[in-house]
Amino acid sequence: MIKKIKQATSWEERYRLIILAGKNICQPTEQELAGMEEIRGCEAKVWFKSSPKTDRTFEFQAYSEARIINGLLWILLQEINDKNAQQLTEFDLTSYFNELGIAQRLSNTRLNGLKEIEKKIKQLIV
C-alpha cells in the first residue's frame, strides 16, 4: 500500500489509498481505548499507545474516529513499529510524509495531531 501511495499520480488517488489504508486499523474495544492516551491537537479524536518489546524495539497502536486519520495512522505505524530507540530518534514525520507526497496536502490540525504522536515517540527514548 505504501508503494502505491508513493506511485499515485494525483492527490485524489493518494487520498483514496489513504482512506483504504485506514481500513487496516481495527476499532479498539472501550477497554482497549481506556488503555490508550488521547492525543490533543488533531481535528478528530486520536488515541495512541506504545509498548516496549523484549527485543528493545517498540510496538505502537493508534486509532481515530476519522477515516482519513486512521489511514495516516496506519501509514505511520508501518514505518515506526518494531523499530529500536536509535531508529525512532532518527525518524522525521514531516520528511516521511513529504516522501510519500502527502504532507503538503494535510491541514495543520491533521499534521499537528500526528506531530504530537511524533513527540510522544521521542519522549519514550529520552
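Residues numbered from 1 in each chain as written. Predicted model: local features only at pLDDT ≥ 70, side-chain atom pairs only at ≥ 80, totals over all residues. Heavy atoms only, no water.

As annotated in an unreviewed UniProt entry, the protein chain is Fe-S metabolism associated SufE from Canicola haemoglobinophilus. Under the Sequence similarities (unreviewed entry) heading, UniProt states for the protein chain: "Belongs to the SufE family." (UniProt positions renumbered as here; feature names shortened; annotations may be inferred.)

Right, let's get into the side chain of Ser64. Turning to its location among the elements, Ser64 is positioned in strand S3 (residues 57–64). At 2.9 Å, the side chain of Ser64 forms a polar contact with the backbone oxygen of Lys45. Here the side chain of Ser64 touches Ala66 through a polar contact of 3.0 Å, landing on its backbone nitrogen. Beyond its immediate chain neighbours, meaning those up to four positions away, Ser64 contacts Ala44, Lys45, Val46, Ile69, Asn70 and Leu73. (Helix = DSSP H or I, 4+ residues; strand = E, 2+ residues; numbered from the N terminus. Polar contact = N/O pair within 3.5 Å; in protein donor to acceptor, adjacent residues only side chain to side chain. Contact = heavy atoms within 4.5 Å.)

Turning our eyes to something else, we now look at the packing of helix H4 (residues 67–80) against helix H7 (residues 108–125). Interhelical geometry of H4 versus H7 gives an angle of 30° and a closest axis separation of 11 Å. The pairing of H4 with H7 is recorded here as roughly parallel in orientation. Regarding H4 and H7, the two cross each other, and that crossing is right-handed. Each of Ile68, Ile69, Leu72, Leu73, Leu76 and Ile80 in H4 lies in contact with H7, whose residues at this interface are Arg110, Leu114, Ile117 and Ile121. Partitioned by chemical class, the residues of the contact of H4 with H7 number nine nonpolar, no polar and one charged. (Axes fitted to C-alpha atoms, helices over the stretch in contact; angles between N-to-C directions. Parallel < 35°, antiparallel > 145°, perpendicular 65-115°, else oblique. Left-handed = near helix turned anticlockwise from the far one by under 90°. Nonpolar A, V, L, I, M, F, W, Y, C, P; charged D, E, K, R; others polar.)

Moving on to the environment of Ile25. Within the secondary structure, Ile25 sits in the loop between helix H2 (11–22) and helix H3 (30–34). The contacts of Ile25, once residues within four sequence positions are left out, are Ala62, Tyr63, Asn70, Leu73, Trp74 and Leu77.

Even without being glycine, Arg56 reaches a positive phi, approximately 75°. As for its placement among the helices and strands, Arg56 is situated in the loop between strand S2 (46–52) and S3. When its relative accessible area of 71% is taken as the criterion, Arg56 is described as exposed. Positioned with a positive phi, Asp82 is a non-glycine residue whose angle comes to about 65°. With respect to the element layout, Asp82 can be found in the loop between H4 and strand S4 (83–84). (Buried < 20%, exposed > 50% of the residue type's maximum accessible area, 1.4 Å probe, protein only.)

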